[in-house]
Amino acid sequence: MQYVIKGGSPLVGDVVIGGAKNAALGILAAAIMSDEDVVIENLPDVRDINVLLEAIEGIGAAVCRLDPHTVRINGSAINTIRVNDDYIKRIRASYYLLGALLGKYRRAEVSLPGGCNIGSRPIDQHLKGFRGLGARAEVDHGMVVASADHLSGGHIYLDVVSVGATINIMLAAALADGNTILENAAKEPHIVDVANMLNSMGANIKGAGTDIIRIRGVQRLHGTVYSIIPDQIEAGTFMFAAAVTRGDVTVKNVIPKHLEAISAKLIEMGCEVVEFDDAVRVVCKSRLRHTHVKTLPYPGFPTDMQPQISVALSVAEGTSMVTESIFENRFKYVDELARMGADIKVEGNVAVINGVSRLTGADVSAPDLRAGAALVLAGLGAEGYTVVDETKYILRGYERFDEKLRSLGADIEQAEDEKDVRRLKLEAV
Ligand code: EPZ
């Protein structure tokens, strides 16, 4: 599927943000750790979530979708601790089932996640954490096998700040015997959300959101009803859509505190940002100004917003430097953006962006989820037509992306094939 975008209209209006995908992935894994019913609300209806739910069903847990944004999970009937290869190929975050199954059943077998298109993504810190809890954790014939005769609390120091390792270790340690101290932990809002959810199931986790997390293992986890926090990155993407199109957009159902790094950059770039209790309004009336940005773990500027800010800087006045310090291969969209007239040079992990006065529509292809969304923003701000191919990546993490953009006045349609693309372009003439 492709998006056909006619650029040039400022986006104006309100948009409601859904639940956080990356929190939901950890929370769904946590849900299987109880033998009682767990109801998750504010679940985003996106592909990565739906694949993880299939994986959870695949190991025997009961999964009942009460509505598109609510699911009831019961892990009492789980009949295998081996997670099918197919799921891990489709989404990396199936590896959260390692921590969840290891904690609950003291054994888990999940295929080793392969390389992803944003750079090499090792899992050594996950394994280090499991070993710190007294488990054996090896890679055997392409499978990660973690097992423990006695899963016990431990003192674990992460060498790299890792969102995935922090969540995986919290999951396993929640049901280990004794106390775990996890140092140099990731502090992202979704870490806090997974910890809160586990606590609502009877876990005893303190300090999530700081770099030291203390977990007192409990015997069992009970059922709960839990609502996921809003998605910081979906919100940030719409905030930058306002900036790129010189629009006026209010993102609703957000936690403004989680958006501070994003808001600060928009203000530096000349936008007006107004915070409300659970909404943020971004108004941009004139040409954006250049700035420099470096991606960092939370509370720094998120790597998942790097392509979106780079698109905005590609039309800002002056020269900007964007440093990617989390994933080495996250500039793959730059060649696509160059086709639209952007002037960007990448040297190692730094992109030097000379702002041009305007982008022009072109045929481009989404290399990954966030870069795909960023290319859509580029198309919305560009002159003429942009066709974004490989939209399947975007659907992994954005629910009804085109529909939400249309509600703000964007001219964006889905096309199934080339004939459809030509028809849409002609219709709009
Ligand atoms: C999570 O990935 C997110 N995914 C990513 O979002 C996000 O980009 C990333 O965190 C950073 O915020 C999910 O939550 C499912 P990391 P994760 O472990 O957990 C190195 C999106 O677009 N590292 O925090 O895989 C690693 O190479 C996605 O929604 C090790 O060296 O990221 C990287 O440089 C894409 N060893 C850094 O740590 C390890 O064992 C941070 O990675 C683990 C990680």
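Above this text is the structure in question.
Okay, so let's go over this structure. This one's a predicted model, so the numbers in the text were calculated from it and none came from an experiment.

What to know about the side chain of S310
For step 1, the next point in the chain: Residue position: S310 is located in helix 10 (residues 306–314).
For step 2, the next point in the chain: According to the relative accessible area criterion, S310 is buried, its value standing at 1%.
For step 3, the next point in the chain: Excluding its chain neighbours within four sequence positions, the residues that come into contact with S310 are V322, Y333 and I353.

Observations regarding the layout of surface pockets
For step 1, the next point in the chain: Looking at the second largest pocket, its volume works out to about 240 Å³.
For step 2, the next point in the chain: Lining of the second largest pocket is provided by 15 residues; of these, V244, R246, V315, S357 and G381 occupy positions nearest its centre.
For step 3, the next point in the chain: Counting residues per element, the ones that place at least two in the lining of the second largest pocket are helix 8 (232–244) and helix 12 (369–381).
For step 4, the next point in the chain: When residues in the lining of the second largest pocket are grouped by element, the largest group, three residues, is from helix 12.
For step 5, the next point in the chain: Along the lines of polarity and charge, the residues of the lining of the second largest pocket split into eight nonpolar, four polar and three charged.

Thoughts on the site of the ligand
For step 1, the next point in the chain: Not every one of the 25 residues close to the ligand is listed here, only the nearest: Q125, S162, V163, D304 and I326.
For step 2, the next point in the chain: Measuring from an oxygen atom of the ligand, one finds a backbone N or O atom of Q125 at 2.7 Å.
For step 3, the next point in the chain: R330 has a polar side-chain atom sitting 3.4 Å from an oxygen atom of the ligand.
For step 4, the next point in the chain: Residue composition of the shell around the ligand, grouped by class: twelve nonpolar, seven polar and six charged.

Examining the packing of helix 5 (residues 124–132) against helix 6 (residues 163–174)
For step 1, the next point in the chain: Closest axis-to-axis distance for the helix 5/helix 6 pair is 8 Å, and the angle between their directions is 25°. The angle between helix 5 and helix 6 places the two elements in the roughly parallel class. Crossing handedness for the pair helix 5 and helix 6: right-handed. Residue-level contacts link Q125, H126, G129 and F130 of helix 5 to G164, A165, N168, I169 and A172 of helix 6.
For step 2, the next point in the chain: Here the residues of the contact of helix 5 with helix 6 are counted per class, giving four nonpolar, five polar and no charged.

Some thoughts on the pattern of salt bridges
For step 1, the next point in the chain: For the structure shown, the criterion picks out 24 salt bridges.
For step 2, the next point in the chain: Between D48 and K21 there is a salt bridge whose closest N-O contact spans 3.6 Å. Here the residue D48 occupies a position in helix 2 (residues 47–58), and K21 occupies one in helix 1 (residues 21–31), the gap between them amounting to 27 residues. Side by side, D48 and K21 carry an identical accessibility label, which is buried.
For step 3, the next point in the chain: The shortest N-O distance in the salt bridge between R220 and E36 comes to 2.4 Å. Of the two residues, R220 sits in the loop between strand 13 (212–216) and strand 14 (224–227) while E36 sits in the loop between helix 1 and strand 3 (37–41), which places them 184 residues apart along the sequence.
For step 4, the next point in the chain: Since its relative accessible area comes to 33%, E36 is described here as partly exposed.
For step 5, the next point in the chain: A cluster of three or more residues bridged by salt bridges with shared partners is formed by K21, D48 and R396.

Quick notes on empty space enclosed by the protein
For step 1, the next point in the chain: For the structure on display, the rule yields two cavities of 30 Å³ or more.
For step 2, the next point in the chain: Reported here for the largest cavity is a volume of approximately 40 Å³.
For step 3, the next point in the chain: As for the largest cavity, its lining consists of G18, G19, P44, V46, D231, E234, G397 and E399.
For step 4, the next point in the chain: The class makeup of the residues in the lining of the largest cavity is two nonpolar, three polar and three charged.
For step 5, the next point in the chain: Put simply, the second largest cavity is a space of about 30 Å³.
For step 6, the next point in the chain: Around the second largest cavity, the lining residues are P230, D231, Q232, A235, V254, I255, H258 and L259.
For step 7, the next point in the chain: Considered class by class, the residues forming the lining of the second largest cavity number five nonpolar, two polar and one charged.

Some words on the state of the cysteines
For step 1, the next point in the chain: Per the stated rule, a full pass over the model turns up zero disulfides.
For step 2, the next point in the chain: Counting only cysteine sulfurs, C284 is the nearest neighbor of C271, a cysteine outside any disulfide, at a range of 3.8 Å.
For step 3, the next point in the chain: Owing to a relative accessible area of 1%, C284 belongs among the buried residues under this scheme.

Description of the nonpolar core
For step 1, the next point in the chain: Among the nonpolar cores identified, the biggest contains 81 residues, and L28, I32, I40 and L198 are the most heavily contacted of them.
For step 2, the next point in the chain: Excluding anything up to four places from it in sequence, L198 contacts A30, M33, M170, L171, A203, I205 and L221.
For step 3, the next point in the chain: Listed in part, the 69 residues of the second largest apolar core include I262, A366, A382 and I412.

As for the environment of V16
For step 1, the next point in the chain: Position of V16 among the secondary structure elements: in strand 2 (residues 12–16).
For step 2, the next point in the chain: Taking C-alpha positions, V16 is 9.8 Å from E234, a pair spaced 218 residues apart along the chain.

Some thoughts on a negative patch on the surface
For step 1, the next point in the chain: Together, D363, E416, D417 and E418 make up a region of like negative charge exposed at the surface.
For step 2, the next point in the chain: Here D363 shows up in strand 22 (residues 363–365).

Topic: helix 4 (residues 96–105)
An α-helix turns once per 3.6 residues; consequently, residues spaced three or four apart project the same way.
For step 1, the next point in the chain: Counted residue by residue, helix 4 has nine buried out of ten residues, so it is predominantly covered.
For step 2, the next point in the chain: Burial in helix 4 covers these residues: Y96, L97, L98, G99, A100, L101, L102, G103 and K104.
For step 3, the next point in the chain: Backbone geometry just downstream of helix 4 places R106 in the positive-phi region, at approximately 70°.

Cut-offs used in this document
- Residues numbered from 1 in each chain as written.
- Predicted model: local features only at pLDDT ≥ 70, side-chain atom pairs only at ≥ 80, totals over all residues.
- Heavy atoms only, no water.
- Helix = DSSP H or I, 4+ residues; strand = E, 2+ residues; numbered from the N terminus.
- Buried < 20%, exposed > 50% of the residue type's maximum accessible area, 1.4 Å probe, protein only.
- Contact = heavy atoms within 4.5 Å.
- 1 Å grid on protein atoms, 1.4 Å probe; cavity = no way out; pocket = protein on both sides within 12 Å on 5 of 7 lines; lining within 4 Å.
- Points joined across faces, edges and corners; volume = space filled by probe spheres on them.
- Nonpolar A, V, L, I, M, F, W, Y, C, P; charged D, E, K, R; others polar.
- Near = heavy atom within 4 Å.
- Polar contact = N/O pair within 3.5 Å; in protein donor to acceptor, adjacent residues only side chain to side chain.
- Axes fitted to C-alpha atoms, helices over the stretch in contact; angles between N-to-C directions.
- Parallel < 35°, antiparallel > 145°, perpendicular 65-115°, else oblique.
- Left-handed = near helix turned anticlockwise from the far one by under 90°.
- Salt bridge = Lys/Arg side-chain N within 4 Å of Asp/Glu carboxyl O.
- Disulfide = S-S within 2.5 Å.
- Core = buried A, V, L, I, M, F, W, Y, C linked by side-chain atoms within 4.5 Å.
- Patch = residues over 30% accessible without salt bridge, like charges linked within 9 Å, V, L, I, M, F, W, Y side chains within 5 Å.
- Areas by Shrake-Rupley, 256 points an atom, 1.4 Å probe, with all protein chains shown as cover.
- Lys, Arg positive; Asp, Glu negative; His and termini not counted.
- Charge placed at Lys NZ, Arg CZ, Asp CG, Glu CD.

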